[in-house]
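Observations on chain architecture
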Amino acid sequence: MNYYENLNHGTGGFPIGIHDTICEKGFYLYPHIHREFEFLVMKKGTGKMYIDGAECNIKVGDAIFINSEELHVGINVDEEEAEFFAVVFAPEMFGNFGDDEIMNKYVLPVLNKRKTLPRMYCSGVEWQDGVLGLLDEIHVAYSLAEVGFELKIKSLLMQIWQICFVHGEQEQENGNQGRTIEDMKKVFLYIQNEYASPLSLEDMASKVNMSREYFCRRFSELMHMTPFEYLLRVRIENSCRMLLDDNLTIGEVATQCGFNSFSYFSKVFRRFVGCTPREYRTSMTMER
């Protein structure tokens, strides 16, 4: 699992992507960061998100704004199917960096964390209903991709940004929290590169010059899971990818993902994925 998402969201000339997601066993979004802005709109189910450590509860009809470079993770609060779509777009959708008044006055302050756009958008508040309606229009326009849909989407996005900017606030300094997040990004990168190794809490804490106890507390405050739980999630995410390779036995996948016990690998896999590694491989093979 790469905490810094490298998915393509649109093209260089039209850098926006709309991604539909269905979670069969409740809302889940793996911890990640990207340079793009994002609006996530919940269409079914409920969930909980942590964005740079701040808790947000989201239900059907709600939307959440995620700023560039914000660490976000989604946690399921029930086992019912959840469905959402994400509108992910680069700042360049609004113009070019440089001598561009829209970019300089209305986009860079948000990018630089000098201006905070509202986080939550819920039905029942007139201006928030407006944002939700415009996001739905973008979703439909992107899906249909009719002639001129790019013009329509850019126009709708400009309307959304204007509404959000008007209702935003000037950012307050939060130096300690910012340093903690930057420190934890180093740990995420370390785990991403070394997840197959027998990592200890001391190994992780040493990357940010913290004691084991202090590191565990700060990590859990930010991620709302323990460092070991996060490590297991990374290992299971990578095992899912490896299980698609029929040249690897399930035992080899377990070993290459840092599990020295096949039975323990199966137990953890079932806990996170809801089936055994063998069942997962079979189901994915049938879909191909």
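Residues numbered from 1 in each chain as written. Predicted model: local features only at pLDDT ≥ 70, side-chain atom pairs only at ≥ 80, totals over all residues. Heavy atoms only, no water.

Some details on the overall build of the protein chain
From N to C terminus, the protein chain includes 10 helices and 11 strands. Computed over the C-alpha atoms, the radius of gyration of the protein chain is 20 Å, within 12% of the 19 Å expected from 2.2 N^0.38 for a compact globule of 288 residues. In terms of overall dimensions, the protein chain has C-alpha extents of about 55 × 45 × 35 Å along its principal axes. Relative to its full complement of 288 residues, the protein chain shows a buried share of 47%. Counted over contacts in the protein chain with a minimum sequence separation of 6, partners at least 24 positions apart contribute 70%. As displayed, the protein chain has an accessible area near 14,500 Å², and 51% of this comes from carbon and sulfur atoms. (Helix = DSSP H or I, 4+ residues; strand = E, 2+ residues; numbered from the N terminus. Rg over C-alpha atoms; globule rule 2.2 N^0.38 Å. Buried < 20%, exposed > 50% of the residue type's maximum accessible area, 1.4 Å probe, protein only. Contact = heavy atoms within 4.5 Å. Areas by Shrake-Rupley, 256 points an atom, 1.4 Å probe, with all protein chains shown as cover.)

Points about the sheet that holds strand E6 (residues 63-66)
By way of backbone hydrogen bonds, the strands of a sheet pair with one another, either parallel or antiparallel. Spatially, five strands are ordered E1-E8-E3-E6-E10 in an open sheet, and the strand pairing comes out antiparallel. Each end of this open sheet is capped by a strand with a single partner; those strands are strand E1 (16-23) and strand E10 (120-121). Packing of helix H3 (residues 149-166) onto the sheet brings it into contact with E1, strand E3 (37-44), E6, strand E8 (82-89) and E10, and relative to E3 it is tilted by some 95°. (Pairing = 2+ DSSP bridges. Axes fitted to C-alpha atoms, helices over the stretch in contact; angles between N-to-C directions.)

Topic: the sheet that holds strand E7 (residues 72-75)
Read from one edge to the other, the open sheet built from four strands follows the order E2-E7-E4-E5, with strand pairing classed as antiparallel. Here the strands that pair on one side only, and so sit at the sheet edges, are strand E2 (29-32) and strand E5 (54-58). With strand direction ignored, the average angle separating the axes of adjacent strands in the sheet is 20°. Note that E2 and E7 share two bridges and pair antiparallel. When the sheet's bridge partners are listed, Leu29 is paired in E7 with Gly74.

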